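Residues per chain, in single letters:
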Amino acid sequence: MVKGRLWFFSLFLVLNLAATFSSLKFSRDDFPPDFIFGSGTSAYQVEGAAFQDGRTPSIWDTFVHAGLSHGATGDIACDQYHKYKEDVKLMVETGLEGYRFSISWSRLIPNGRGLVNPKGLTYYNNLINELINHGIQPHVSLFHGDTPQALEDEYEGWISRRIVVLYWSTINEGNIFAVGGYDNGIAPPHRCFPPFGNCPKGNSSTEPYIAGHHILLAHASAAKLYREKYQEKQHGFVGANVYAIWFVPLTNKTEDTIATQRALDFYLGWFVDALVFGDYPDIVKKRAGTRIPYFTEDEAKQVKGSFDFIGINHYSSMYIKNNHMKQKMDNRNFGADAAVDMIDITDDDPAPDQLPVLPWGLQQLLEYFKQVCRNPPIYIHENGQKTKRNTTLNDTGRVKYLKGYIGALLNAIRNGSNAKGYFSWSFLDVLELLYGWESGYGLYYVDLDDPDLKRYPKLSAHWYSGFLKGDDIHSDEVIGIQKNKTPVSSVRSIQ
């Protein structure tokens, strides 16, 4: 397996798939008829109503109210809890075929277990019905990093094995939730120890692996329940979601090529190998040793194949450089076990405060899933461009980004990728969990100074709408728009 992966990775270095997509011409009709295009948000980032109708605090409430998200909170956010009908109308005008959102555990089951909150259930039923009635397919994430604080207080959340049977959930970015929450502590529940982070408690050496293990078991348990009791009647699908950076070697040295495969094994294979093959990559088990739990034979059988699709959140690619010195640390964390340095890759036209536009990384990532991971059905659950808020609605950088990555996705499908759907991140300028309101990824700007939180379409909303409604996409399209109240449906999206 290891030699095969290294051969595959070396082949990439020879084939140079880093193609330029700026001249690609394509339309919605070039994608398979059953392929779905949409956009997404998550509960804490968009709903607001944090203290209404029975909702209790989650670990995100605790995190942001401690001032750890640039002073921003999701107390009101975009107030989609009260404005969901308005937002669904915007989705219809944009031409969305699907909407991905998450269910707030703290709103639906306020104590983390036990009785369902009827007002929370009514809200999600209403949202789902509103989407279906307007021909928009709901795609639901049942856990988006917002564990009820009551469970965190009671038994420390995901580092307790009791988390596995409490809630039927598939989990967003389980790999990064484990690292960010339990290794460097940059995300809730904010657990770590020096020198890897400054947190009130935690163990960066063991807890990421423990949390990750329990997340996989919880997902497998939920998938088993769904398949046994609901799938035959509902004909639905259950999947897992991972955060997926594409990595390329900094140099053509053998040590950097091996380190790049090791980075993929740690940051992607840690979860994907368990789901596809039933165990962790050998290098992860070797480096972590007794700090990583093992699957029993029954658990391995339950985890293996416990998905109908894999969702990936992909934003960018990075260079990898081997760093063997990290292996010599007395106390090692997840990152030290991987023993690599990640280095930013820039594009040909770098823009301040924006992500580099590297669509070839998505194509190579999907090729990797095809060649190494048995080509499972893939949904791109998140992909989008970051820009500073309160600047301009003329977000040409986001249009360039979407155009490039959707073009790369089409190339991957033509090369045999089993990709089934694409959801831009995000539909609205939501509260960004690590950046507060300083940055936005949305197709729609939300005016936080307006008591009604008015939504305004950006250039990217017009572009995406035009693409979804069948316009041919070329490399030289330009459009000028101003901040106004004109709905996206009443303006020509391409000039």
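Residues numbered from 1 in each chain as written. Predicted model: local features only at pLDDT ≥ 70, side-chain atom pairs only at ≥ 80, totals over all residues. Heavy atoms only, no water.

Trainee: What should I look at first to understand the overall build of the chain in this one?
Mentor: Tallying secondary structure elements over the chain gives 17 helices and 14 strands in all. Within the span of the chain, comprising 495 residues, buried residues form 61% of the whole. Across the chain, the fraction of contacts at a sequence separation of at least 24, relative to all contacts at a separation of at least 6, is 76%. A total of about 20,000 Å² of accessible surface is found on the chain, and carbon and sulfur atoms cover 51% of it. (Helix = DSSP H or I, 4+ residues; strand = E, 2+ residues; numbered from the N terminus. Buried < 20%, exposed > 50% of the residue type's maximum accessible area, 1.4 Å probe, protein only. Contact = heavy atoms within 4.5 Å. Areas by Shrake-Rupley, 256 points an atom, 1.4 Å probe, with all protein chains shown as cover.)

Trainee: Honestly, the nonpolar core in this entry has me stumped. Any pointers?
Mentor: Proteins that are soluble and globular tend to have nonpolar side chains buried together. Membership of the largest hydrophobic core comes to 117 residues, with the highest contact counts inside it found for Phe31, Ile312, Leu409, Tyr464 and Phe467. The leading source of residues in this core is helix H11 (residues 254-277), at twelve residues. Once you skip the residues sitting within four places of it in the chain, leucine 409 turns out to touch Phe31, Phe35, Leu362, Leu366, Ile380, Ala419 and Tyr422. Core analysis: the second largest hydrophobic core is formed by eight residues, Trp60, Ala72, Leu431 and Leu433 among them. (Core = buried A, V, L, I, M, F, W, Y, C linked by side-chain atoms within 4.5 Å.)

Trainee: Looking at this model, I keep getting lost on the pattern of salt bridges. Mind explaining?
Mentor: In total, this model carries 22 salt bridges according to the counting rule given. Between arginine 55 and aspartate 61 there is a salt bridge, with the nearest N and O atoms lying 2.9 Å from each other. In this structure, arginine 55 and aspartate 61 share a single accessibility class: buried. For arginine 227, the salt bridge is made with aspartate 308, and the minimal N-O distance between the two is 3.1 Å. Taken together, the residues arginine 227 in helix H9 (residues 207-229) and aspartate 308 in the loop between helix H13 (297-303) and strand E6 (309-313) connect sequence positions 81 residues apart. Because the salt bridges share partners, they merge into one network encompassing Lys83, Glu86 and Asp452. (Salt bridge = Lys/Arg side-chain N within 4 Å of Asp/Glu carboxyl O.)

Trainee: Could you clarify how one ought to interpret the sheet that holds strand E1 (residues 36-40) in this entry?
Mentor: Backbone hydrogen bonds are what pair the strands of a sheet, in a parallel or an antiparallel way. Taken together, seven strands build an open sheet; the order of strands is E3-E2-E1-E11-E9-E6-E4 and the sheet is parallel. Either end of the sheet is taken by a strand with one partner, and the two such strands are strand E3 (137-141) and strand E4 (239-243). Within this sheet the neighbouring strands show an average axis-to-axis angle of 25 degrees, counted without direction. Of the pairings in the sheet, the one linking E6 to strand E9 (residues 378-382) comprises four bridges and is parallel in character. The residue of E9 that forms the bridge with asparagine 313 is glutamate 382. (Pairing = 2+ DSSP bridges. Axes fitted to C-alpha atoms, helices over the stretch in contact; angles between N-to-C directions.)

Trainee: Explain H11 here, please?
Mentor: The α-helix advances 3.6 residues per turn, and as a result positions three or four apart in sequence lie on the same side. Taking 1.5 Å of rise per residue, 24 residues should cover 34 Å, yet H11 covers just 27 Å from first to last C-alpha, more than 12% shy of that figure. Where H11 bends most, at glycine 269, the angle is about 70 degrees. In terms of burial, H11 is a largely internal element, 20 of the 24 residues being buried. Of the residues trailing H11, glycine 278 is marked for its positive phi of about 90 degrees. (Expected span 1.5 Å × (residues − 1). Bend = angle between axes of the 7 residues up to and from the residue.)

Trainee: How do you make sense of the packing of aromatic side chains when you look at a structure like this?
Mentor: Given two aromatic rings, their pairing is described by the distance between the two centres and the angle made by the two planes. Applying the stated rule across the entire model yields 35 aromatic pairs. Relative to phenylalanine 467, the ring of phenylalanine 26 has its centre 5.8 Å away and its plane inclined at 75 degrees; by these criteria the two rings are edge-to-face. Within this pair, whereas phenylalanine 26 is found in the loop between helix H1 (2-15) and E1, its partner phenylalanine 467 is found in helix H17 (residues 459-468), the two being separated by 441 residues in sequence. Note on accessibility: phenylalanine 26 and phenylalanine 467 belong to one class, buried. Ring geometry for phenylalanine 37 against phenylalanine 467: centres 5.0 Å apart, planes inclined by 85 degrees, an arrangement best described as edge-to-face. With phenylalanine 37 in strand E1 and phenylalanine 467 in helix H17, this residue pair connects regions lying 430 residues apart in the sequence. You can call phenylalanine 37 buried: its relative accessible area is 0%. The ring of tyrosine 435 is capped by lysine 386, whose NZ or CZ atom sits 5.1 Å from the centre of that ring. (Phe/Tyr/Trp six-rings, centres within 6.5 Å; stacked < 30°, edge-to-face > 60°. Lys NZ or Arg CZ within 6 Å of the ring centre and 35° of its normal.)

Distances and angles like these do not, on their own, reveal function.
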